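# Architecture at a glance
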Amino acid sequence: QMTGVIELQTGVIGFISGLAAIPLGTAMAVVLIEVINRRAFGWQIDVFLGWPVIIQAVALSVVAALVAGIYPSYRASLASPAAAMREE
């Protein structure tokens, strides 16, 4: 049960992070393309962001969070709840 709870938490955190990265990453890309490239190099590129890219990015953030949570959830599943309660 502990493994499931920890994996659920990491999955939700990954999903929220993926959603937060959409507007922040888009804003950063626009600033870099429209301001920095134009001033530093004198050229620009077209900005294109389609739904498949957004869905893949959010899915990647969820998968990465779930993979990152495997080892901590495994370690937590080996711990004894009674011993942890006595220590706190």
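Please refer to the structure higher up on the page.
Residues numbered from 1 in each chain as written. Predicted model: local features only at pLDDT ≥ 70, side-chain atom pairs only at ≥ 80, totals over all residues. Heavy atoms only, no water.

### So, helix α1 (residues 2–40)
Think of an α-helix as 3.6 residues a turn; residues three or four steps apart then line up on the same face. Heads up, the condition is: Given a residue, its bend is the angle between the two axes fitted to the seven residues that end at it and to the seven that start from it. By the criteria applied, helices consist of DSSP H or I runs no shorter than four residues and strands consist of E runs no shorter than two, each listed in order from the N terminus. Think of it in three bands: with a 1.4 Å probe and only protein chains considered, a residue is buried below 20% of the maximum accessible area for its type, exposed above 50%, and partly exposed in between. Residues are treated as being in contact if the distance between any of their heavy atoms lies within 4.5 Å.
A bend of about 30° at Ala21 is the largest found in α1, and the proline Pro23 appears one to four places after it. The set of residues buried in α1 consists of Ile6, Glu7, Thr10, Gly11, Gly14, Gly18, Ile33 and Asn37. Buried residues belonging to α1 abut α2 (51–68) and α3 (70–78). One or two positions beyond α1, positive phi appears at Gly42, with a value near 80°.

### Topic: the environment of Val5
Tracing the sequence through the fold places Val5 in helix α1. Accessibility expressed as a relative area gives 42% for Val5, which makes it partly exposed. Each C-alpha atom of the pair Val5 and Ser73 lies 8.3 Å from the other, and the pair is 68 residues apart in sequence.

### What to know about the environment of Tyr71
Of note, Tyr71 is situated in helix α3. Along the backbone, Tyr71 and Thr26 are 45 residues apart, and their C-alpha atoms lie at a distance of 32 Å.

### Brief notes about the packing of aromatic side chains
The condition that has to hold: In summary, the pairing rule links any two rings of Phe, Tyr or Trp, Trp by its six-membered ring, whose centres are within 6.5 Å, and it sorts them by plane angle into stacked for under 30 degrees, edge-to-face for over 60 and tilted for everything else.
Per the stated rule, a full pass over the model turns up one aromatic pair. Residues Phe41 and Trp43 carry aromatic rings whose centres are separated by 5.9 Å and whose planes lie at 25° to one another, so their mutual orientation is stacked. Using a relative accessible area of 55% as the deciding quantity, one classes Phe41 as exposed. The class for Trp43 is partly exposed, based on a relative accessible area of 41%.

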